[in-house]
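# Commentary on secondary and tertiary structure
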Amino acid sequence: MSGEKEDTSFSILRIYDEPEERSSFPGSEFGQPCPSPPPSGDVWSFLRAIPPVADEAVVRQRTPRACWKVGGLCHGKKVFAITISSSTHHVYTCGHGYIRVWDESALHTWSKAPQAQLNFPDHQNCVLTCKLFPDEQSLLTGGVSRTLTLWDLAPTPRIRAQLASTGPVCQSLAISSNAQICLACFKGFIEIWDLQNQILIRKHEVPEYGSRCVDITGNKFWTGGEDTSLYCWDLRSYQKLQQYSLHHEILSISHDPSEEWMLVGLRTSDIIILHTHRNEKFKAIVHKYVRHHSLKFASCGSYFVTTLDESIHCLAAPSLQRLFQEKESTDILCCDMSSDNQYLVTGSKKSATVYQLLY
């Protein structure tokens, strides 16, 4: 197709633990392989004439130094998808047959009952993926079902609509930043939905083994999966814009809040970092073969969490300094962070774990 390119070269980054190790990092913005030439004498004179900015006037994004395990939510079955809404102050654990709703008071306990259980009309429905709307007042779920379910979360959770999909298993969902477009990922194709009118716009064919994950950044969408390639598509023309051969199976895709950077989690646990507009590509080497890999950016954009099987890693962005690391007793299947950057929740075999982020 016109405009299609393939690129396999990546600058290599490494995750580090101490601030003084940062000198090995190739630049200030996820790497800049060639530093700029030093300023001229005239430029230095101009810079010295600028009065210093007081420390208290500088706004710095906070990054957590640790997390504290504060509670557990007993879902009863595997938690394949999880989300936390700062707007409704609830956590939603999703799995086979139902969604459980937990209010804020349950986050700091270990045995509290859910506030509500939302049963699907078809008890064979199994939620594998969920996406919270930008206003955090609505939720979209998909999975082992011939429908995508749209939920109103406030004032009382209820089903608003069920969208009849054309595939049996939805593996991933993405919602545009204006909440007008939804992408649902099935084996071999992507459904593109108009959420406002609840209309299927297009069934877009993608490589059969390149459709495990999907995400949206502006007017582009991204897909990846078992065939080890990351594909970038134009959301208006549906043409393939870019193809990156990553050589390892893709397990997860996530963008940062600015929609400028894309994170790609590989089966090897390595993380690919791509700029969505510029030709900048980096690979963070972790070297651990994993079954489950989840990625979630904090809403402030200054750090992200990656879960690799039973371990949790919180990394600063863009420096990749490791902020903290935790380990659970069983594999982590999913994770989410609250938009106020106060809580991290993880889903596993029969329950969810709640962590409070410490700054």
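Structural notes, computed from the coordinates. In this text, all values refer to a predicted model and were calculated from it rather than measured experimentally.

### Quick notes on the side chain of Asp103
Checked against the element boundaries, Asp103 lands in strand β6 (residues 98-103). Relative accessible area serves as the criterion here: at 18%, Asp103 is assigned to the buried category. Reaching out from Asp103, the side chain makes a polar contact with the side chain of Ser105 at a distance of 2.6 Å. Excluding residues within four positions of it along the chain, Asp103 makes contact with His89, His90, Lys112 and Gln115.

### Let's talk about the environment of Arg267
Topologically, Arg267 is positioned in the loop between β21 (261-266) and β22 (271-275). Given the relative accessible area of 14%, Arg267 is considered buried. Note: C-alpha distance between Arg267 and Val290 (23 residues apart in sequence) is 5.6 Å. Leave out the neighbours within four places in its chain, and Arg267 touches Arg212, Glu249, Leu251, Lys288, Tyr289, Val290 and Arg291.

### Things to note about the environment of Ser254
Relative to the helices and strands, Ser254 resides in strand β20 (residues 250-255). Judged by its relative accessible area of 11%, Ser254 is buried. Separated by 50 residues in the primary sequence, Ser254 and Phe304 place their C-alpha atoms 9.9 Å from one another.

### Things to note about the nonpolar core
Phe133, Leu140, Leu148 and Leu173 are the most contacted members of the largest nonpolar core, which has 16 residues in total. Listing elements by their share of this core, those giving two or more residues are β10 (147-152), β11 (158-164), β12 (172-175), β13 (181-186) and β14 (189-194). Of all the elements, β13 adds the most residues to this core, at three residues.

The rules we used
Residues numbered from 1 in each chain as written. Predicted model: local features only at pLDDT ≥ 70, side-chain atom pairs only at ≥ 80, totals over all residues. Heavy atoms only, no water. Helix = DSSP H or I, 4+ residues; strand = E, 2+ residues; numbered from the N terminus. Buried < 20%, exposed > 50% of the residue type's maximum accessible area, 1.4 Å probe, protein only. Polar contact = N/O pair within 3.5 Å; in protein donor to acceptor, adjacent residues only side chain to side chain. Contact = heavy atoms within 4.5 Å. Core = buried A, V, L, I, M, F, W, Y, C linked by side-chain atoms within 4.5 Å.

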